[in-house]
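The residues making up each chain are set out below.
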Amino acid sequence: MTSVTRDHAGDSNAVGQPAIAPSPARRGRSWTTRLPTPRWVLFQIHWFLGITLGFVLALMGITGATMSFEDQIMRAISPGVVTVAVQTTQILSPDTLMARLHEQRPDDKVTMLVLSPAPDEAARVMFDRRPGEEGRGTRAYVDPYSGVILGGANGEAFFGFVRNLHRWLALPGGPNGIGRQITGPAVFALLFFCLSGLYLRWPRRVMDWRAWLALDTKAKGRAFLWSLHAVAGTWVLVIYLAIGLTGLWWSYDWYRQGVTQLLTGQAPQQERGGEQRGGGREGGGKEGGGRAGGAQTAVPMDTAWTGFLQQTGGHYEIATLTPPARPGAPVRIRYRAEGAPHEYATDDMTVDSASGAVKSESHYADKPTGAKLVSSILAIHRGTFFGTGGAIVFMIAAGTMPLFTVTGLMLYLDRRRKKKAARAAMAAAGITSATPAPVSTALTVAYASQTGTAEQLAWRTAGLLRDGGLAPEVVPLQKLELAGLTGRLLVVASTYGEGEPPDDLRIFAKKVMAKPAALAGLEYAVLALGDRGYEHFCGFGRALDKWLGDSGAVRLFDTVTVDASADGGDTAALHDWQARLRQLGAAQAPDWAPPVYDRWRLAERRLLNPGSPGNPAFHLALEPVDQPLPAWQAGDIVQILPANGDAAVQAFLTATGLDGAAWVQTPGGQERLDALLATSHLPDANDVLARGQAAQDVADGLAALPHREYSIASLPEDGRLDLLVRLQRRPDGTPGLGSGWLTTFAPLGHEVRLRIRNNPGFHPPAAPLPMILIGAGTGLAGLRAHLKHRRSRRLGQAWLVFGERTATHDRLHGPEIDTWQADGTLARVEWAFSRDGGGYVQQRVAAAAEEIRQWVGQGATIYVCGSLQGMAPAVDDALAKALGRDQLDALTADGRYRRDVY
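Residues numbered from 1 in each chain as written. Predicted model: local features only at pLDDT ≥ 70, side-chain atom pairs only at ≥ 80, totals over all residues. Heavy atoms only, no water.

1. What about the overall build of the chain?
Piece 1. The helix and strand tally for the chain stands at 29 helices and 29 strands.
Piece 2. In the chain, which comprises 902 residues, the share counted as buried stands at 54%.
Piece 3. Across the chain, every contact between residues at least 6 apart in sequence was considered, and the portion connecting residues at least 24 apart equals 73%.
Piece 4. Per element, the accessible surface of the chain, about 38,100 Å² overall, is 56% carbon and sulfur. (Helix = DSSP H or I, 4+ residues; strand = E, 2+ residues; numbered from the N terminus. Buried < 20%, exposed > 50% of the residue type's maximum accessible area, 1.4 Å probe, protein only. Contact = heavy atoms within 4.5 Å. Areas by Shrake-Rupley, 256 points an atom, 1.4 Å probe, with all protein chains shown as cover.)

2. Comments concerning the sheet that holds strand β28 (residues 861-866)
Piece 1. Strand order in the open sheet made by the five strands is β27-β26-β25-β28-β29, with parallel pairing throughout. The two strands at the open ends of the sheet, each matched to only one other strand, are β27 (828-833) and β29 (897-901). Between one strand axis and the next, the sheet turns by 10° as a mean value, whatever way the strands run.
Piece 2. Sheet analysis places strand β25 (residues 771-776) next to β28, joined by five bridges and oriented parallel. Bridge pairing in β28 places Ile772 opposite Ile862.
Piece 3. Sheet strands in contact with helix α27 (residues 849-857) are β25, β26 (798-804), β27 and β28, and its direction is about 140° off that of β26. (Pairing = 2+ DSSP bridges. Axes fitted to C-alpha atoms, helices over the stretch in contact; angles between N-to-C directions.)

3. Considerations on the nonpolar core
Soluble globular proteins: nonpolar side chains tend toward being buried together.
Piece 1. Counting residues in each nonpolar core, the largest one holds 37 residues, and the members touching the most others are Leu57 and Tyr240.
Piece 2. Within the residue set of this core, elements represented by two or more residues are α1 (38-66), α5 (178-200), α7 (221-235), α8 (237-247), α9 (253-264), α12 (377-382), α13 (387-399) and α14 (401-427).
Piece 3. Looking at this core element by element, the count peaks at seven residues for α5.
Piece 4. Every residue in contact with Tyr240, bar those within four places of it in the chain, is listed here: Leu190, Leu191, Cys194, Ala397, Ala398, Thr400, Met401 and Phe404.
Piece 5. By size, the runner-up hydrophobic cluster in this structure holds 29 residues, among which are Ala860, Ala880, Leu888 and Tyr897. (Core = buried A, V, L, I, M, F, W, Y, C linked by side-chain atoms within 4.5 Å.)

4. Considering the confidence of the model for the chain
Piece 1. Model confidence for the chain is summarised by a mean pLDDT of 84, while 86% of its residues fall at 70 or above.
Piece 2. Contacts of residues 1-35 to residues separated by more than four positions or lying in other chains number 151 contacts, the stretch itself having pLDDT below 50.
Piece 3. Contacts of residues 271-293 to residues separated by more than four positions or lying in other chains number 97 contacts, the stretch itself having pLDDT below 50. (pLDDT = per-residue confidence, 0-100.)

5. Quick look at the packing of aromatic side chains
In this description, an aromatic ring pair is defined by two values, namely the gap between the centres and the angle between the planes.
Piece 1. For the coordinates displayed, the defined rule picks out 20 aromatic pairs.
Piece 2. Aromatic side chains Phe557 and Trp577 sit 5.8 Å apart centroid to centroid with 70° between the ring planes, which places their arrangement in the edge-to-face category. Linking Phe557 in the loop between β15 (554-555) and β16 (560-563) with Trp577 in helix α18 (residues 571-583), this pair joins segments that are 20 residues apart in sequence. For the pair Phe557 and Trp577, one class covers both residues: buried.
Piece 3. With a centroid separation of 5.5 Å and an interplanar angle of 10°, the aromatic rings of Trp831 and Phe833 are classed as stacked.
Piece 4. Positioned over the ring face of Trp831 is Arg811, at 4.5 Å from the centre of the ring. (Phe/Tyr/Trp six-rings, centres within 6.5 Å; stacked < 30°, edge-to-face > 60°. Lys NZ or Arg CZ within 6 Å of the ring centre and 35° of its normal.)

6. What about the pairing of strand β23 (residues 721-726)?
Piece 1. Counting buried positions along β23 yields six of six residues, so the element is predominantly enclosed.
Piece 2. Along β23, one buried face is formed by Leu721, Leu723 and Val725 and the opposite face, lined by Asp722, Leu724 and Arg726, is buried too.
Piece 3. Note that strand β18 (residues 617-624) and β23 share six bridges and pair antiparallel. In the strand pairing of β23, His619 is matched with Leu724.

7. Details of unusual backbone geometry
Piece 1. Of note in this structure, Ala170 is not a glycine but carries a positive phi near 60°.
Piece 2. Tracing the backbone shows Ala170 in the loop between α4 (156-168) and α5.
Piece 3. A positive phi angle is found at Cys538, which is not glycine, with a value near 55°.
Piece 4. In this fold, Cys538 is placed in the loop between β14 (522-530) and α17 (539-550).
Piece 5. The exposure class of Cys538 is buried, given its relative accessible area of 0%.

8. Some words on the pattern of salt bridges
Opposite charge on two side chains permits them to pair, given that their charged atoms come into close proximity.
Piece 1. This structure, assessed with the given rule, holds 39 salt bridges.
Piece 2. Note that Arg720 is salt-bridged to Glu604, the shortest N-O span being 2.5 Å. With Arg720 in the loop between β22 (708-711) and β23 and Glu604 in strand β17 (residues 598-607), this residue pair connects regions lying 116 residues apart in the sequence.
Piece 3. Residue classification places Glu604 among the buried residues on the basis of a relative accessible area of 19%.
Piece 4. Linked through salt bridges whose partners overlap, the residues forming this network are Asp718, Asp722, Arg784, Lys788 and Glu816. (Salt bridge = Lys/Arg side-chain N within 4 Å of Asp/Glu carboxyl O.)

9. Description of the sheet that holds strand β19 (residues 637-641)
Piece 1. Read across the sheet, six strands follow the order β22-β19-β24-β17-β18-β23 without closing on themselves; strand pairing throughout is antiparallel. Of all the strands in the sheet, just β22 and β23 have a single pairing partner and so form its edges. For this sheet the average axis-to-axis angle between neighbouring strands, irrespective of direction, equals 40°.
Piece 2. Relative to β18, β17 runs antiparallel, the two sharing seven bridges. Bridge pairing in β18 links Arg605 to Leu620.

10. So, the pairing of β26
Piece 1. Of all seven residues in β26, seven are buried, a share of seventy percent or more.
Piece 2. Side-chain alternation along β26 places Ala798, Leu800, Phe802 and Glu804 on one buried face and Trp799, Val801 and Gly803 on a second face that is also buried.
Piece 3. Across six bridges, the pairing between β25 and β26 is parallel. Counted as the bridge partner of Ile772 is Trp799 from β26.
Piece 4. Remark: the β25/helix α24 (residues 780-792)/β26 crossover connection has right-handed handedness. (Right-handed = clockwise from strand over helix to strand, strands pointing away.)

11. A word on the packing of α4 against α5
Piece 1. Put simply, α4 and α5 touch, their axes get as near as 7 Å, and they point 65° apart. Here α4 lies roughly perpendicular to α5, going by the angle between them. Together, His166, Arg167 and Trp168 of α4 and Gly179, Arg180 and Thr183 of α5 make up the contact between the two elements.
Piece 2. Taken together, the residues that form the contact of α4 with α5 break down as one nonpolar, three polar and two charged. (Parallel < 35°, antiparallel > 145°, perpendicular 65-115°, else oblique. Nonpolar A, V, L, I, M, F, W, Y, C, P; charged D, E, K, R; others polar.)

12. A few points about the packing of helix α2 (residues 70-77) against α4
Piece 1. Across the interface, α2 lies against α4 with an axial gap of 11 Å and an inter-helix angle of 160°. Considered as vectors, α2 and α4 are oriented roughly antiparallel to each other. For the pair α2 and α4, the crossing hand works out as right-handed. In this structure, α2 uses Glu70, Ile73 and Met74 to contact α4, whose residues at the interface are Glu156, Phe159 and Arg163.
Piece 2. Counted by class, the contact of α2 with α4 contains three nonpolar, no polar and three charged residues. (Left-handed = near helix turned anticlockwise from the far one by under 90°.)

13. Side note on α24
The α-helix advances 3.6 residues per turn, and as a result positions three or four apart in sequence lie on the same side.
Piece 1. Given a rise of 1.5 Å per residue, 13 residues ought to cover 18 Å, and the 18 Å separating the end C-alpha atoms of α24 matches this to within 8%.
Piece 2. Taking burial as the measure, the 13 residues of α24 include twelve buried ones, the bulk of the element.
Piece 3. Along α24, the positions that sit buried rather than exposed are Leu780, Ala781, Gly782, Leu783, Arg784, Ala785, His786, Leu787, Lys788, His789, Arg790 and Ser792.
Piece 4. One or two residues past the end of α24 sits Arg794, with phi positive at roughly 55°. (Expected span 1.5 Å × (residues − 1).)

14. Focus on the environment of Cys538
Piece 1. In this structure, the C-alpha to C-alpha distance between Cys538 and Ala528, residues ten residues apart in sequence, is 5.7 Å.
Piece 2. Contacts of Cys538, omitting those with residues within four sequence positions, involve Thr495, Ala528, Leu529, Gly530, Thr561 and Val562.

Dropping the structure here:
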């Protein structure tokens with residue numbers, strides 16, 4: 001974050017929500033409910049439908065793609081059936097073909113005869129279904145030269161099964177079974193995915209094509225999955241809308257009737273439009289007709305056929321004849337003319353069977369647009385409406401439908417894993433169950449947390465109590481309903497700055513603690529966290545202790561205060577708390593161990609503000625030495641163990657006359673004196689001389705240097721851990737401890753000890769909400785990580801308000817910010833350069849009050865990162881004036897106003 005020590009107690013709260021959330025009906029508890037935003041609701045429905053109907057859509061997509069070139073495939077694998085050898089004899093006339101068919105299958109009725117002018121193309125015939133037979137009947141290929149029935153094409157049974165899967169999931173009942181009740185809603189879900197996905201990923205810069213269509217191939221893990229899911233979804237969005245809107249045609253009669261009425265102004269005919277293979281029509285002819293089964297009375301069609309050939313000049317691609325139901329009735333011929341735009345662009349002719357005169361004729365080209373669309377539903381559904389290229393594109397789009405099921409599921413499982421990991425972190429050591437405590441529990445552990453430590457200690461406290469056979473309930477303090485609360489209450493409370501409550505406890509402190517409550521019958525104890533460098537050390541915890549006592553509760557033991565800024569977390573105070581818990585029945589357990597710091601290497605140090613009137617600010621990059629790059633999230637914090645510079649250590653050794661190479665005994669074993677001095681507070685050299693202390697005496701009296709905390713300015717996918725650190729100087733002009741070590745004394749390549757601390761209270765919002773980021777100076781670090789997070793996920797809708805001294809020297813990471821504004825990651829940037837007359841950040845916030853109200857009204861979250869002295873309180877006041885203090889407090893309680901200030 002910056003080079004100074006964080007001023008708060010270093011604890012945290014994950015959006016104010018506990019890992020265990022009892023129901024509102026539980027005795028003595030009430031839980032506030034967030035008002036869901038439309039985006040949040042759409043997101044929840046989107047993923048829920050994705051993990052329920054996504055697999056159905058994946059199957060429908062694969063089967064649809066499989067059928068895309070069904071006719072071409074069966075033609076290629078069925079020589080001698082779909083195609084025949086060309087002969088010198090004439091192709092048989094319709095009447096002769098019908099007679100030959102009757103000879104071979106005298107008991108079957110022909111409902112359709114399909115003829116082609118191509119000499120190598122077999123004729124096709126549809127026989128009506130026999131009594132007791134399901135479906136519309138059977139189809140067969142016929143040698144047009146001999147009239148011999150050739151049978152079915154190779155692969156016909158396979159494609160029939162695939163079609164059954166596609167339409168009804170191959171479940172019993174076909175169109176009247178349960179399969180249709182599943183595939184129909186699945187198609188509606190596909191349309192919902194298209195529209196909701198478009199809304200959820202809508203970028204702020206809508207005219208930037210890269211924000212819509214550019215796949216982030218450099219992203220890794222979840223970021224890449226999200227990019228693939230969202231960007232590929234945009235690629236196929238229009239295609240999926242076309243597939244879905246046409247797919248409903250076969251799912252619901254009311255939909256087909258409504259679309260027909262809308263496009264043509266007429267009610268649909270009784271016969272259903274259909275598919276070339278098993279869908280209603282083949283080559284434009286009617287498949288059904290007459291009763292099922294029974295012998296067929298021969299009605300001559302040759303004269304009508306001759307009239308058709310004369311009328312068309314023989315220029316057609318395929319023609320379907322429907323045998324007349326009775327003698328003298330006209331012959332209906334549906335055909336596709338040469339050059340037709342697609343296979344369902346058919347013309348219709350009715351020809352007198354006796355004279356061959358054309359009685360009526362209609363052409364696809366003459367139809368109104370709406371009627372063309374109605375007759376081309378299947379062509380649109382398959383993409384052939386747009387030519388061969390369209391069919392290929394639709395096939396690829398349908399075939400990639402499982403991609404969205406898989407990536408959506410992986411994103412969902414990743415969220416589940418992260419929630420599980422968060423619960424494990426909150427539960428900490430010893431928590432073995434995530435089940436709510438019994439309703440009759442008389443023991444509650446509450447926490448008031450800013451950045452994580454208090455919450456973690458609360459869960460570790462509960463773990464010891466549970467291991468001792470007790471049944472504590474763990475809740476955030478602000479969620480606790482005090483009316484009627486009895487039994488025992490243990491509170492782990494963090495103090496923020498000079499005696500302030502954590503952000504989530506503002507309303508609680510202002511309204512609930514304003515007067516005593518009725519808590520007679522309650523016993524309590526407080527573990528207070530704070531920073532001993534402040535005048536009001538553990539101020540909020542002490543105030544809470546007093547308020548509970550004034551409310552009639554009985555103190556179990558005195559408040560235990562913890563200096564959370566101390567390295568190792570003030571182990572003596574934590575040991576005291578553990579001992580007190582054992583008096584209450586907690587289990588015996590090893591003392592809570594101090595944190596473990598890993599070995600990292602300082603890989604880069606780059607000055608960001610040369611010539612600035614302020615202190616130099618550096619971009620630092622660190623890489624792990626002996627471990628893989630660990631995981632962290634935007635908003636997390638790094639704790640670094642600083643060291644004294646070599647010059648300071650040597651000056652002390654010279655002044656005291658001690659040998660730095662001398663070995664001394666420490667609790668961890670033997671260590672060289674100069675190495676121990678490098679990581680410890682240096683004693684006064686004159687005092688050492690006056691006491692006549694030897695090397696071991698000095699070592700026994702040394703106190704370890706405290707850690708320093710900084711906001712992480714990068715993401716794991718960057719491959720390094722970045723920091724923004726400004727050199728701080730003491731009143732005597734010497735460099736500050738942490739900043740001096742990182743920016744001045746530690747050489748490049750030198751080892752740095754650090755640990756990453758989870759800071760869920762400053763993590764990105766769970767839903768893809770707009771974000772207002774406000775900061776100054778090296779507070780840009782935490783905001784930079786959030787912007788990287790949003791850029792990797794193409795979230796957009798971010799507004800940065802950032803303050804520094806001069807535009808010439810202090811545009812920290814300016815080119816990077818300009819790039820993010822150009823690619824849509826940042827919709828708006830406000831620079832406040834105070835030395836140039838541009839005012840301060842809080843003034844920019846005040847000037848943009850109306851826009852801030854609009855963004856908040858649209859669900860935006862507000863993140864503030866920077867100094868607790870000056871910037872953060874001033875920005876807080878400006879936001880309170882813009883939104884109203886009550887609304888700002890409500891945003892805080894709802895996790896939409898988050899601060900990481902120091």
